[in-house]
Amino acid sequence: MAEEFSESLTPPVSPFAADSQCDLAATQPPCFCCFEAKDDHTEALSSEGYLGRGSLKRLLLRLDPAPTGFETDTVELFGFPWVTETALVESTKLLFGLFRQTFYKLETLVQSSSHDFGQAGNLHCESENLRQQCVSFLQYVKVFLHRYLEPSLDAAHSHPYEQLEQQFPSALLEELFGITLLTGRLKDLPAGVQSAFSMQNHGKIFPPSWHLLHLHLDIHWSVLEILHVLGHRMQSQVVYAHQFVNLTGENLTDTSLFEEHLCSLLCDLTGLAMGKYSKVRPTEMLSSNPFHCLCTKELWVLLMYLLEYRNKVLRTQSFWSYMNSLLKPLVTGQPPSEHFGGLPTHCKDPLGFTWWLLTHLAMLGQYSRNGTVQNEKHFGDNWTFVEGLLKMTCNPKGGLAEEQVRMHVHCCLSLSLLWEPSTAAVSTLWEYYSKNLNASFTVPWLGVSGLGTLCKTPLALLEQARSCCSPSALRSPGHTQLYRSANSFLIFLRVLALCLGQDRAGGAPQRQIKGRIYSKFSSKKMQELSEGGLMNFLLLFLVVARQVELEDVANRACELLDVLPSNCPPAHRTLVWRGQLSLLLLFQERGLDVGAQASWLASSFNKTAKEFYDKTTEVSRRLALWGPLGSYLEGVAEVFETSASLSLSEEKLLNEGFDWLLPACRQSELNSVLSFLQIVLAQLRRVHQRSVQSAPTPAWAPAAASVIKERHLAVASALWVHFFPFLRSLRLSQTPPAQLADAAAGFTLLAFDQPGSAPQDLQPNPVQSTMQFFGWDDMVHSLLVTRYLPHLLQNSELVSSLSCGPRGAAPCSAQGLSVRAWIRCVLQQHLHKNPDGTESKTARAVGEQLCELTRLVLRLPEVDSILQRAGLPSTAARGEPTSALEMFVKAIGTVYSGLQLLSERSAMVTRALDYIGDILKYMKPYVVNKNQEGMQLAYRAVGCIVKHWSPLLATSKAQQLLFGIVNSLLLPPKLPQQDKALRDSLPLYLQGLSVASSISQSQGACVKQQLRSVIHRYLEHFLPPSPSLGIIANHPVLLGACETAPTARGVALRRTILEVLCENFLLFKSHAPPPRLASVLMFLLELLRRNSDTDVSLLTLSLPSLLRCLMLVSEPIVRKTSTDALQLVVERCAAASTERPCELMITVLRSFVEENVGVYDRQVYGVLETVAVLDPTVVQALIPNMTLSLRNAEHKRGLGKNIALRGAYMKLLSLLGQSGQAEITSLEGD
């Protein structure tokens, strides 16, 4: 090295150089560095790289590589100061020698480095310093060439420096060649160094191998950059490496070195990508790139820009030309050219690798010169080569599986998004798919995800076509994951759509492609299509129809589908209709009339529906036919749902085919048809209301509104004609489908919106006529009624119209009929339970629907008015139907009682009777089925009516109903077995009948007699044979008679009960006591004890019977009960009497004495002794009568004094105080 310095012509360095020397640059020179790279999602390259620092841009614009660097007189390279302007010319070998030494040091550091984490930081710093020295030197070479190198035109140079300067380009070329030999090729790097490609960033501390690897990349790029700058500075003069030529005899020029180094670099980068491809799955083709790190990616971008620039300026080969030359031998299996030696000999899939690499390299074309991704096209396309690849992909001899074809077509789609689509490429692909339309295009190892989207409806089919016409953005997840979600044919359709969507003058490519597609379908071809092939055919034509002339393509599709045989499999028919409906949706989307398409469909549908209806059709065939028929329903429903105006002849889809279809449907199939019908009805109403509520029609365009109105009327008429008659035939079914109510409600609302559309037999009031059919008729199943009426009653406009609309010959208002239907449903809500009493599915449905119907009925204006007048605000929560019915019944009774005018009361009676209708008829099914729970509900409901409507039922209009209730429910010829229902509700009947008997003017006596009969029957029926306080305390007659505070109504009922009791249950026959006397007396005692009556006439009703029991019966329990009852009567009479003693009681006792003293003298005195203990005054009043009776008895006997009788009498008198003593004295004096 000393000799090198001694021969240097560089002037000595100034002693002050060290003080005045500046930094090399404000910043470090650009280099490959991936540790500062941003998120992979941004696709951005390093800001410190050649792109991010603007190095590439300066190179291509022929600007200074480092405008702010190397501006001082001296520059420090490899630790030594050098004169900036002359160092490279004077010390070329020395500087490049130092470069090699530094490079060797880094290599040595890599070989000697250990995995000691303690030394990692020091090794990183040392390696980074060595690399920076090399990079800085290479940057200096670029700057030197740009600033100081001038081509020498004069061969005569006197100054030694000028001689060196003339030789410098050749010397530099030799040194660059030496560097390429020094670094070797990327493919030859040791595995330990290449492994640094996959090294992750750990705090920006890297091993020496990482720095060495990236220095290799810096050197490879810098050699090309220096050679490019050298060629530019030499003004295209060829630079020869003279010394190399002299030594080897081979030519070495700057151009040859550039070509050789470039080809080697491209070959090595491709080889690295090939190694990565071996680990890439087909599903990861676009998400996994061929770049080991961002630095190799940036290197590819640099090469692309540099070669494209040289192609434009120097007319050299383009980047794609180099790559085509490199890749073509690989895919064709031919030996590579001599420039591209060194590619790995083994590649698992050369064709797939080429597609993959080309696609990702094409995507690099979106990077700008600054290293940012832009959606702009910076490079030309490479369709010529890609079309060759497509031909290899589509070559039948290749025998490629779907997984490979899908990957290749996916790459083709990516290229079509990057470049302008190629008509030739689409033609090649169509040639392939036209021969393979029946293929399944599945990838077995992908499982379900590889089957593609199954289009079960026309809208889904159209959406599939729409997605093909609007492919996802290139780098979006939807595009990168397309391999999993779409087969190769669907991906081809995206390529086709892109090509057809190009804006080409005259549309020649479109016509060309369309013609090629048409030409591939003949009648034979159509008949050979499988189910999958037919689906592919439909998707193909939908895509073409969306992109070019819709009507032409649709007509062509119809012509081709007409070729299919009429007896084609039902699955084919399903697909054909689905495709036709998808085209129809496309027409609708563009606002075109669908009449022609709909007529074609209607004809085909009619034929299939007739076959479905035909009784000779086999069951298996009928089941198969439901496939296309159900598909038709789904598709037509989608047509109606997606229509904005229903003014494009959609009514042609609702045709006489439904007249055949509906009667032939089973339950599940009928549910599908009814669901379809609801969708159509709802959409028609929605569209019609929107058209009515829209802005007023301008005066200059009345025809448009008229046309829309006519179209809506046509749709409505089709529905009335083809659907309503069948619904009406089902209304009396005992097992109506649940959706029948929904569909019927839809027709009712349609009649409300468009009354003129309804058939003549429903006029002039189609809404009320329809409601009579499905809601008000007593023969309609409650499951249907409870689901039908809520649809209507929640429509406030409809309810308002019912409130004021004409009713014709209807017996009551529309609201009243709705209330009657509700009451019937409430009464029959338990009719649908299972025989074992458990709740069936129908019962649950009725219960849920009945709650909603209850809520809506209580909101009816007519009902709400009654509740308000009764003091029951409608805002109160009343969800439970039975409770709501009882409250409503009570409200009617309250309102009636408050009316004063006779006319109002008469009208209220009529309305109330209309509400309940033939209520006894509603109960009959319970009697037949012996439904205990239902009977209990019905008896209680009618009992509430009898109790709360008693004044109303007493009128002449309602008496017939009252007598019917009594005769049917309470006094049937045979005593019903509904003990529980009767026991619970009998008090209500007794209370109501008692009031009615006292109010009725014309039939009061008859009602009274019925009340007595009811009391007699059920007093006896529920009376236990032996006294039992628990049973008697809950006797229904007793419960009906009890009240906390006496009222006139209660007193009247208790009077009747006491009369019946005394006349029928306490009547002695001769000396024999009546049956069950103890139980009767216990009942009587409870009746007296539970009521605080003070009416003496009522209290004394039972007194004779009690006295007789005490007189004649010696049974202890009878005597005790009689005594307790007698005590109650006597004490209450004494308390109630304003004048002592109680005259009425005296009268009863006097009669008792007169009737029995001659026969039961001693017993009579014994009974009176009991009374005397309780109230002596009443017995004192009887002394004269008793004394007279005694003497008359003695006189009649004719034996003188009856000592025994007188003794008993005197014993009684002894209890009567002074009056008694005086009478004793008088008797003793006899």
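Residues numbered from 1 in each chain as written. Predicted model: local features only at pLDDT ≥ 70, side-chain atom pairs only at ≥ 80, totals over all residues. Heavy atoms only, no water.

**Student:** I'd like a rundown of the overall build of the protein, residues and numbers included.
**Tutor:** Helix and strand counts for the protein come out as 60 helices and two strands. Its C-alpha atoms give the protein a radius of gyration of 56 Å, more than 25% over the compact-globule value 33 Å for 1230 residues. Relative to its 1230 residues, the protein shows a buried fraction of 54%. For the protein, the share of sequence-separated contacts (at least 6 apart) that also reach a separation of at least 24 residues comes to 76%. Approximately 52600 Å² of the protein is accessible, and the part contributed by carbon and sulfur atoms is 53%. In the protein, 107 side chains carry a positive charge and 110 a negative one; their mean positions are 13 Å apart. (Helix = DSSP H or I, 4+ residues; strand = E, 2+ residues; numbered from the N terminus. Rg over C-alpha atoms; globule rule 2.2 N^0.38 Å. Buried < 20%, exposed > 50% of the residue type's maximum accessible area, 1.4 Å probe, protein only. Contact = heavy atoms within 4.5 Å. Areas by Shrake-Rupley, 256 points an atom, 1.4 Å probe, with all protein chains shown as cover. Lys, Arg positive; Asp, Glu negative; His and termini not counted. Charge placed at Lys NZ, Arg CZ, Asp CG, Glu CD.)

**Student:** With reference to specific residues and values, describe the nonpolar core.
**Tutor:** Ranked by size, the top nonpolar core spans 414 residues in total, and within it Leu654, Leu719 and Trp822 carry the most contacts. With 13 residues, helix α9 (residues 208-233) is the single largest residue contributor to this core. Those residues in contact with Leu654 that lie beyond four places of it in its chain are Val636, Phe640, Phe676, Val680, Val715, Ala718, Leu719, His722 and Phe723. (Core = buried A, V, L, I, M, F, W, Y, C linked by side-chain atoms within 4.5 Å.)

**Student:** Tell me about the packing of aromatic side chains, residues and numbers included.
**Tutor:** This model, assessed by the stated rule, comprises 51 aromatic pairs. Between Trp430 and Phe492, the aromatic rings sit 6.4 Å apart at their centres with planes inclined by 10°, giving stacked as the arrangement. Here the residue Trp430 occupies a position in helix α17 (residues 423-434), and Phe492 occupies one in helix α21 (residues 488-500), the gap between them amounting to 62 residues. Take Trp430: its relative accessible area is 3%, and that puts it in the buried class. Judged by its relative accessible area of 1%, Phe492 falls in the buried class. Taking the centre distance of 5.4 Å and the plane angle of 55° together, the rings of Phe888 and Tyr915 count as tilted. In this pair, Phe888 sits in helix α40 (residues 881-898) while Tyr915 sits in helix α41 (residues 902-916), placing the two residues 27 residues apart along the sequence. (Phe/Tyr/Trp six-rings, centres within 6.5 Å; stacked < 30°, edge-to-face > 60°.)

**Student:** Any details on the packing of helix α13 (residues 319-332) against helix α15 (residues 383-393)? Residues and values, ideally.
**Tutor:** Closest axis-to-axis distance for the α13/α15 pair is 12 Å, and the angle between their directions is 10°. As summarised for this structure, α13 and α15 are arranged roughly parallel, according to the angle between their axes. For the pair formed by α13 and α15, the contact residues are Asn324, Leu327, Lys328 and Val331 on the first element and Phe385, Leu389 and Met392 on the second. Here the residues of the contact of α13 with α15 sort into five nonpolar, one polar and one charged. (Axes fitted to C-alpha atoms, helices over the stretch in contact; angles between N-to-C directions. Parallel < 35°, antiparallel > 145°, perpendicular 65-115°, else oblique. Nonpolar A, V, L, I, M, F, W, Y, C, P; charged D, E, K, R; others polar.)

**Student:** Lay out the pairing of strand β1 (residues 74-77) in plain terms, naming residues and giving numbers.
**Tutor:** The side chains of a regular strand alternate, residue by residue, between the two faces of the sheet. Relative to strand β2 (residues 80-83), β1 runs antiparallel, the two being bridged by four bridges. Residue pairing for β2: Val75 is matched across the bridge by Trp82. (Pairing = 2+ DSSP bridges.)

**Student:** Tell me what's going on with the environment of Leu269, and back it up with residues and numbers.
**Tutor:** Structurally, Leu269 is set in helix α11 (residues 254-277). Measuring from C-alpha to C-alpha, the distance between Leu269 and Glu250 comes to 27 Å, with 19 residues separating the pair along the chain. Beyond its immediate sequence surroundings of up to four residues, Leu269 is in contact with Leu186, Leu299, Trp300 and Leu303.

**Student:** Account for the side chain of Lys142, naming residues and giving values.
**Tutor:** Structurally, Lys142 can be placed in helix α6 (residues 120-148). Looking at Lys142, the relative accessible area reads 1%, which means it is buried. Aside from chain neighbours lying at most four places away, what touches Lys142 is Tyr50, Pro65, Ser222, Glu225 and Ile226.

**Student:** Tell me about helix α27 (residues 595-613), and please be specific about residues and values.
**Tutor:** Here α27 contains 19 residues, and its C-alpha end-to-end distance of 26 Å stays within 8% of the 27 Å for a straight helix at 1.5 Å per residue. Buried-residue contacts for α27 involve α25 (550-562), α26 (570-589), α28 (619-642), α29 (657-664) and α30 (667-693). (Expected span 1.5 Å × (residues − 1).)

**Student:** Quick rundown of the side chain of Ser997? Include the residues and the values.
**Tutor:** Checked against the element boundaries, Ser997 lands in helix α46 (residues 979-999). The class for Ser997 is buried, based on a relative accessible area of 12%. Among the polar contacts made by the side chain of Ser997, one reaches the main-chain carbonyl oxygen of Ser994 at a distance of 2.7 Å. The residues contacting Ser997, other than those within four sequence positions of it, are Gly1004, Val1007, Lys1008 and Leu1011. (Polar contact = N/O pair within 3.5 Å; in protein donor to acceptor, adjacent residues only side chain to side chain.)

**Student:** Please set out the environment of Ser287 residue by residue, giving values where relevant.
**Tutor:** Within the fold, Ser287 resides in the loop between α11 and α12 (294-313). For Ser287, a relative accessible area of 43% puts it in the partly exposed group. Spatially, the C-alpha atoms of Ser287 and Gln829 are 64 Å apart, while their sequence positions differ by 542 residues.

**Student:** Summarise unusual backbone geometry; cite the residues concerned and give the values.
**Tutor:** A cis amide bond links Gln763 to the next residue, Pro764, at an omega of 5°. As for its placement among the helices and strands, Pro764 is situated in the loop between α33 (738-753) and α34 (766-776). One non-glycine residue, Arg62, lies in the positive phi region at around 60°. Positioned with a positive phi, Phe441 is a non-glycine residue whose angle comes to about 55°. With respect to the secondary-structure elements, Phe441 resides in the loop between α17 and α18 (458-469).

**Student:** Can you lay out the pattern of salt bridges for me, pointing to particular residues and giving the numbers?
**Tutor:** All chains considered together, the criterion is met by 37 salt bridges. Here Asp984 and Lys980 are joined by a salt bridge, their closest N and O atoms 2.7 Å apart. In this pair, Asp984 and Lys980 both sit in helix α46, four residues apart, roughly one turn of the helix. Residue Asp984 is classed as partly exposed on the basis of its relative accessible area, which comes to 34%. Among the ionic contacts, a cluster of salt bridges with common partners joins Glu463, Arg466, Arg546 and Glu589. (Salt bridge = Lys/Arg side-chain N within 4 Å of Asp/Glu carboxyl O.)

**Student:** Outline the packing of α40 against α41, listing residues and values.
**Tutor:** The contact between α40 and α41 brings their axes to 10 Å, and the two run at 165°. Relative to α41, the element α40 is oriented roughly antiparallel. Here the hand of the crossing between α40 and α41 comes out left-handed. For the pair formed by α40 and α41, the contact residues are Phe888, Ile892, Val895, Tyr896 and Ser897 on the first element and Arg905, Met908, Val909, Ala912 and Tyr915 on the second. (Left-handed = near helix turned anticlockwise from the far one by under 90°.)

**Student:** Could you give an account of the confidence of the model for the protein, naming the residues involved and the relevant values?
**Tutor:** Per-residue confidence for the protein averages 88 on the pLDDT scale, and 92% of its residues sit at or above 70. Across residues 37-41, confidence stays below pLDDT 50; counting only partners more than four residues off in sequence or on other chains, it has two contacts. When the criterion is pLDDT under 50, residues 806-811 qualifies, and its contacts beyond four places in sequence or with other chains add up to nine contacts. (pLDDT = per-residue confidence, 0-100.)

**Student:** Provide a residue-level description of the environment of Leu792, including the pertinent values.
**Tutor:** Mapped onto the elements of the fold, Leu792 is located in helix α35 (residues 782-793). The exposure class assigned to Leu792 is buried, which follows from its relative accessible area of 0%. For the pair Leu792 and Leu856, spaced 64 residues apart in sequence, the C-alpha separation works out to 9.5 Å. Those residues in contact with Leu792 that lie beyond four places of it in its chain are Ala745, Thr748, Leu749, Met771, Leu798 and Val799.

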